Amino acid sequence: MTAKVVKYSRDGVIYYEIRGTLPDGTRYTDRVGFSERELAFRPLVAARIRLLRSEYESACRKVRVECTTDVVTPGWVKQLIF
């Protein structure tokens, strides 16, 4: 799944927001805000954005696993599995 990272400013705070769709069709949104002084610590900002993306990827994996386990199978198929 692909996600979009959006940067916007509101009330002197710079926000980075990740938006995407999970495999089951639900929307995923998460954001983090930094003041202008915090933006001076570029490695901190970059690490937090990477963390946002990894949290989105783990949410996608979790939903994908739940979708595969929730598949309704007919009774005769369950009898074939030993």
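Residues numbered from 1 in each chain as written. Predicted model: local features only at pLDDT ≥ 70, side-chain atom pairs only at ≥ 80, totals over all residues. Heavy atoms only, no water.

Peer 1: Sorry, what's going on with the pairing of strand 2 (residues 13-21) here?
Peer 2: A regular strand places its side chains on the two faces of the sheet in alternate fashion. Where strand 1 (residues 3-10) and strand 2 come together, 8 bridges link them in antiparallel fashion. Following the sheet pairing, lysine 4 is matched in strand 2 by arginine 19. Bridge analysis of strand 2 against strand 3 (residues 27-35) gives 9 bridges, and the strand direction is antiparallel. Note on strand 3: the bridge partner recorded for threonine 21 is arginine 27. In textbook terms, the turn of a hairpin is the stretch between consecutive antiparallel strands, and for strand 2 and strand 3 this stretch comprises 5 residues, one of which, glycine 25, has a positive phi near 95°. (Pairing = 2+ DSSP bridges. Helix = DSSP H or I, 4+ residues; strand = E, 2+ residues; numbered from the N terminus.)

Peer 1: Looking at this structure, I do not really get the pattern of salt bridges. What am I missing?
Peer 2: Any two side chains of opposite charge can pair if their charged atoms end up close together. If you walk through the whole model with that rule in mind, you get 2 salt bridges. Here arginine 19 makes a salt bridge to glutamate 17, at a shortest N to O gap of 2.5 Å. Using a relative accessible area of 39% as the deciding quantity, one classes arginine 19 as partly exposed. Here arginine 48 ties to glutamate 55 by a salt bridge, and the two come within 3.9 Å at their closest N and O atoms. Taking the relative accessible area as the measure of exposure, glutamate 55 reaches 29% and is therefore partly exposed. (Salt bridge = Lys/Arg side-chain N within 4 Å of Asp/Glu carboxyl O. Buried < 20%, exposed > 50% of the residue type's maximum accessible area, 1.4 Å probe, protein only.)

Peer 1: Looking at this structure, I do not really get the nonpolar core. What am I missing?
Peer 2: In globular proteins that are soluble, nonpolar side chains generally tend to be buried together. Of all hydrophobic cores here, the largest spans 14 residues; its most connected members are Tyr16, Leu22, Tyr28 and Tyr56. Looking at this core, the elements that each hand over two or more residues are strand 2, strand 3 and helix 1 (42-69). In terms of residue count, the dominant contributor to this core is helix 1 (7 residues). (Core = buried A, V, L, I, M, F, W, Y, C linked by side-chain atoms within 4.5 Å.)

Peer 1: Would you explain the side chain of glutamate 17 in this entry?
Peer 2: Following the sequence through the fold, glutamate 17 ends up in strand 2. Of the residues examined, glutamate 17 reaches a relative accessible area of 10% and is grouped as buried. Side-chain polar atoms of glutamate 17 contact the side chain of tyrosine 8, separated by 3.5 Å. Leave out the neighbours within four places in its chain, and glutamate 17 touches Lys4, Val5, Val6, Tyr8, Thr29, Asp30 and Arg31. (Polar contact = N/O pair within 3.5 Å; in protein donor to acceptor, adjacent residues only side chain to side chain. Contact = heavy atoms within 4.5 Å.)

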